[in-house]
Protein chains: 2
Amino acid sequence: MQELCLPAVITDQDLDRLENILSKRIRIARGEPLYRAGEVFSSLFAVRLGHFKTVYSEGHATKQIIGFQMSGEILGMEGISRPRHKCSAIALEDSEVCEIPYTRLESLLSELPSLQSHFHRMMSREIDREHQVMLLLGSMSADQRVAAFLLNLSRRYEARGFSPLHFVLRMTREDIGNYLGLTIESVSRVFSRFKKNDWIEGLPRDVKILDRKALEDLCAY
Amino acid sequence: MQELCLPAVITDQDLDRLENILSKRIRIARGEPLYRAGEVFSSLFAVRLGHFKTVYSEGHATKQIIGFQMSGEILGMEGISRPRHKCSAIALEDSEVCEIPYTRLESLLSELPSLQSHFHRMMSREIDREHQVMLLLGSMSADQRVAAFLLNLSRRYEARGFSPLHFVLRMTREDIGNYLGLTIESVSRVFSRFKKNDWIEGLPRDVKILDRKALEDLCAY
DNA sequence: CGTGAATTTGACTGACATCAACTCAGGTGG
DNA sequence: CCACCTGAGTTGATGTCAGTCAAATTCACG
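Residues numbered from 1 in each chain as written. Chains lettered and ligands numbered in written order. Predicted model: local features only at pLDDT ≥ 70, side-chain atom pairs only at ≥ 80, totals over all residues. Heavy atoms only, no water.

Undergrad: Please clarify how the overall build of chain A should be interpreted in this entry.
TA: Summing up its helical and strand segments, chain A has seven helices and 11 strands in all. In terms of overall size, chain A behaves like a compact globule, its C-alpha atoms giving a radius of gyration of 18 Å where 221 residues would be expected to give roughly 17 Å. Considering only C-alpha atoms, chain A reaches an extent of 55 × 40 × 30 Å along its principal axes. Residue burial in chain A is summarised as follows: out of 221 residues, 55% are buried. Pairs at least 24 residues apart make up 71% of the contacts formed inside chain A by residues separated by at least 6 positions. Accessible area for chain A stands at about 9,900 Å²; split by element, carbon and sulfur atoms hold 51% of it. In chain A, the 30 positive side-chain charges and the 30 negative ones have mean positions that sit 4 Å from each other. (Helix = DSSP H or I, 4+ residues; strand = E, 2+ residues; numbered from the N terminus. Rg over C-alpha atoms; globule rule 2.2 N^0.38 Å. Buried < 20%, exposed > 50% of the residue type's maximum accessible area, 1.4 Å probe, protein only. Contact = heavy atoms within 4.5 Å. Areas by Shrake-Rupley, 256 points an atom, 1.4 Å probe, with all protein chains shown as cover. Lys, Arg positive; Asp, Glu negative; His and termini not counted. Charge placed at Lys NZ, Arg CZ, Asp CG, Glu CD.)

Undergrad: Help me understand the sheet that holds strand β9 (residues 166–168) of chain A, please; the structure alone is not making it clear to me.
TA: What the three strands build is an open sheet, ordered β9-β11-β10 (chain A); its pairing is antiparallel. Taken across any chain shown, the strands that pair with only one partner, and hence form the sheet edges, are β9 and β10 (200–201) of chain A. (Pairing = 2+ DSSP bridges.)

Undergrad: Explanation requested: helix α5 (residues 173–180) of chain A in the structure shown.
TA: For the α-helix, the turn length of 3.6 residues means that residues three or four positions removed from each other point alike. Residues and elements named next belong to chain A. Among the eight residues that make up α5, six are buried, leaving the element largely enclosed by the rest of the structure. Of all the residues in α5, the buried ones are Arg173, Asp175, Ile176, Gly177, Tyr179 and Leu180. Tucked into the core, α5 has its buried residues touching β4 (51–57), β5 (63–70), α3 (113–139), α4 (142–159) and α6 (184–196). Following α5 by one or two positions, Gly181 has its phi on the positive side, about 70°.

Undergrad: Is there a simple way to think about the protein's contact with DNA strand C in this case?
TA: Neighbouring DNA strand C are 17 residues; Arg173, Ser188 and Ser192 of chain A together with Ala142 and Ser186 of chain B lie closest to it. The contact atoms of DNA strand C, taken as those within 4 Å of the protein, divide so that sugar and phosphate hold 63%. Between DNA strand C and Ser188 of chain A there is a distance of 2.8 Å, counted from a phosphate oxygen to a side-chain nitrogen or oxygen. Ala142 of chain B is positioned such that a nitrogen or oxygen atom in its backbone is 2.8 Å from a phosphate oxygen of DNA strand C. Considered class by class, the residues forming the surface near DNA strand C number four nonpolar, seven polar and six charged. (Near = heavy atom within 4 Å. Polar contact = N/O pair within 3.5 Å; in protein donor to acceptor, adjacent residues only side chain to side chain. Nonpolar A, V, L, I, M, F, W, Y, C, P; charged D, E, K, R; others polar.)

Undergrad: Any chance you could explain the pairing of strand β8 (residues 95–101) of chain B here in plain terms?
TA: Moving residue by residue along a regular strand, the side chains alternate between the two faces of the sheet. Residue and element names in this part refer to chain B. Judged by how many residues are buried, β8 sits mostly within the fold: seven of seven residues are covered. Burial of the side chains of β8 extends over both faces: Ser95, Val97, Glu99 and Pro101 are buried on one face and Glu96, Cys98 and Ile100 on the other. Note: strand β1 (residues 25–28) against β8, four bridges, orientation antiparallel. Residue pairing for β8: Ile26 is matched across the bridge by Val97. As paired strands, strand β3 (residues 43–49) and β8 are joined by six bridges and run antiparallel to one another.

Undergrad: Please explain the protein's contact with DNA strand D as it appears in this structure.
TA: Among the 17 residues in the neighbourhood of DNA strand D, the closest are listed as Ala142 and Ser186 of chain A together with Arg173, Ser192 and Arg205 of chain B. Protein-proximal atoms of DNA strand D, defined as those within 4 Å of the protein, fall in sugar or phosphate at a share of 63%. The side chain of Thr183 of chain A places a nitrogen or oxygen atom 3.0 Å from a phosphate oxygen of DNA strand D. In this structure, a phosphate oxygen belonging to DNA strand D sits 2.7 Å away from a side-chain N or O atom of Arg205 of chain B. Elements with a contribution of two residues or more to the surface near DNA strand D: α6 of chain A together with α6 (184–196) of chain B. A total of five residues in the surface near DNA strand D trace back to one element, the largest contributor, which is α6 of chain B.

So this is what it looks like as structure tokens:
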């Protein structure tokens, strides 16, 4: 339940109803899609366990990774506006989600003003997150992008009670590069540079942040 | 009222109430902010007349133009998640908006399921729009970005009943460059190239699209 | 161990940025 | 009415950061 960060004003009775909606759990194996671009939208999903990437694909070859989702985050909000998903959500490891049928959620929102308000904040936060990515893609150097990426993961793990300075990258260099608008090689070179500066260690997948401030200063510049 | 594209199922009585909320009009002179980053969020705004740009500013020098809004589009949704705006909305010409006090909108949404559903689709569409911008910034060449930008404007003017092939750019080259992650000079060079190819004419501000297909093919590549 | 995928590293290239000069339109004041 | 100014836009010369191509290395897994 904490995934939705429900405000305290919601009553136990309300929670029961929400619990009811959230009851259906789904397991997704590593590499498998939770949903695919083109499929009919019908539910949101709350990540319970594991990690996902969401991939936007416009027509032909062009693919863009829109974000990486970890436990407690919501998948599928981009589908609300249209009959069909325009993104795919792929599990980066064996994962588990709760399905939230959208029509049932909507009727519940009408009855629970505080849940409605919470839901709107959640969508708005997604918009805000994307603004940050646009800033990153629009005006940061390769080094700044990777630093911002690491700091973002760091903050999110910290918010979930994990170490903000030591975590495992669940995605490949290719995924990171695609997300940050860089090539694999550039991402790799930046990591090597950070390592040489003693800002991080333990690559490739296992990351220890040694000098958080250096990374922050780099982004702030 | 057509700005919100209200579904037909809403009754006249409902409309009266919405009309009530939307009654307050505000005029904004060219170059003036409708709201500024840091101000307390309290309302959404529906653009009635004119054009705006929304600028995201993180801390110090970094500014990123997030989008350009024209009549019929909604401003301020990024503020819902937080006490204060993180964007500024600046009028690109003398403009007029309707203020939509957010708390009143929220209570109305609870009462009108179809309006609620419409509002969610609107936020989702904004998320989807930003995905497209991320694709553009993450993996398109300078030429493709400018072409995509022109085609996007073209479609939006067409949807409003204006000519899709002849319109005026309300924003400067600097604004366009910032939005597309390019410099002024690069934007200018791309326009010149398009002009030389006879794909467009009538620069600088007045744009006639002569070969829409060429632009589309360029993006689709 | 051996095989293929992921990652790193190096040499070279190219697209866009940077720096700088120039053009043009609009507004102002003499 | 025109000289002047200012800011937007264009164009050219040069520089650089990240992409491309290629090879080496490490890692995961049978």
